[in-house]
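# Close look at the chain arrangement
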Amino acid sequence: MGDEIRRNMALFPIGIVMKLTDLTARQIRYYEQHELIMPARTSGNQRLFSFNDVERLLEIKALIEKGVNIAGIKQVLNPVSKESEEATVLSADSESKRKELSDIQLHRMLKQQLMTGKRPGQVSLIQGELSRFFTK
DNA sequence: ATTCTCACA
DNA sequence: TGTGAGGA
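Residues numbered from 1 in each chain as written. Chains lettered and ligands numbered in written order. Predicted model: local features only at pLDDT ≥ 70, side-chain atom pairs only at ≥ 80, totals over all residues. Heavy atoms only, no water.

As recorded by an unreviewed UniProt entry, chain A carries the name MerR family transcriptional regulator and is attributed to Paenibacillus profundus.

Take the overall build of chain A next. The secondary structure content of chain A amounts to 9 helices and 2 strands. Of the regular secondary structure in chain A, the N- to C-terminal order runs α-α-α-β-β-α-α-α-α-α-α. Burial statistics for chain A: of 136 residues in total, 29% are counted as buried. Put simply, of all contacts in chain A between residues at least 6 apart along the chain, 58% involve residues at least 24 apart. For chain A, the exposed surface amounts to about 9,200 Å²; the carbon and sulfur share of it is 53%. (Helix = DSSP H or I, 4+ residues; strand = E, 2+ residues; numbered from the N terminus. Buried < 20%, exposed > 50% of the residue type's maximum accessible area, 1.4 Å probe, protein only. Contact = heavy atoms within 4.5 Å. Areas by Shrake-Rupley, 256 points an atom, 1.4 Å probe, with all protein chains shown as cover.)

This part takes up the protein's contact with DNA strand B. Taken together, Pro13, Ile14, Gly15, Arg26, Arg29, Arg41, Asn45, Gln46 and Arg47 make up all the residues around DNA strand B. Of all DNA strand B atoms lying within 4 Å of any protein atom, the proportion belonging to sugar or phosphate reaches 91%. Here Asn45 contributes a side-chain N or O atom positioned 3.2 Å from a sugar or linking oxygen of DNA strand B. With respect to DNA strand B, the side chain of Gln46 contributes an N or O atom lying 3.3 Å from a sugar or linking oxygen. (Near = heavy atom within 4 Å. Polar contact = N/O pair within 3.5 Å; in protein donor to acceptor, adjacent residues only side chain to side chain.)

Another aspect to go through is the pattern of salt bridges. What the rule picks out here adds up to 2 salt bridges. The partner of Glu32 in a salt bridge is Arg41, with the nearest N and O atoms 3.3 Å apart. Classification of Arg41 by relative accessible area gives partly exposed; the value is 38%. Among the ionic pairs, Arg47 bridges to Glu32, the shortest N-O distance being 2.2 Å. A residue pair is termed long-range when its members are at least 10 positions apart, and Arg47 in strand β2 (residues 47–48) and Glu32 in helix α3 (residues 25–33) qualify at 15 residues. Accessibility expressed as a relative area gives 17% for Arg47, which makes it buried. Look at Glu32 and you get buried, because its relative accessible area is 16%. Residues joined by salt bridges that share partners form a network here, namely Glu32, Arg41 and Arg47. (Salt bridge = Lys/Arg side-chain N within 4 Å of Asp/Glu carboxyl O.)

Turning next to the protein's contact with DNA strand C. Taken together, Thr24, Arg26, Gln27, Tyr30 and Tyr31 make up all the residues around DNA strand C. Between DNA strand C and Thr24, the relevant distance is 2.9 Å, taken from a phosphate oxygen to a side-chain nitrogen or oxygen of the residue. For DNA strand C, a base oxygen lies 2.6 Å from a polar atom in the side chain of Arg26. Residues belonging to the surface near DNA strand C are distributed by class as follows: 2 nonpolar, 2 polar and 1 charged. (Nonpolar A, V, L, I, M, F, W, Y, C, P; charged D, E, K, R; others polar.)

For the rest of this paragraph, the subject is α3. Those residues of α3 not exposed but buried are Ala25, Ile28, Tyr31 and Glu32. All buried residues of α3 fall inside an arc of 130° around its axis, so they share one side. For α3, the exposed residues lying more than 90 degrees away from the buried face are Arg26 and Gln33. Here the buried face of α3 lies against α2 (14–21), β1 (40–41), β2, α4 (51–65) and α5 (70–76). (Arc of directions from axis to C-beta.)

The structure is reproduced here in structure tokens:
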């Protein structure tokens, strides 16, 4: 896994990212404020995005179109803690561990469903069951 | 020509 | 989220 450096290499300015993602500069900056992305900066304070940032923005865009809000996206997309999920499980006691585990499984299922765009007839699950995560 | 931050007749 | 101001 070595070309991860290439994918995380800051390359393009916001103008190009706008065309690549069909998002407005406003939206891109807004998502950054909410820590959904954290692009690099040039010495002149200009944002520089990597391939990963762009892909991430595309995922965010997809989720927003699915009707998911920032809080929800934070749950589904969490690069800020790839191992925090497991850490949560490891640091939990037997009883809460069972709960945390089911949460993580549900978490992954929801992500898969939202990203894969499955089950057209159960959009209610996205607003109902998912709200459980948004609120808490 | 581009992007940045801030603020809202 | 849009949009315009004012600066880099």
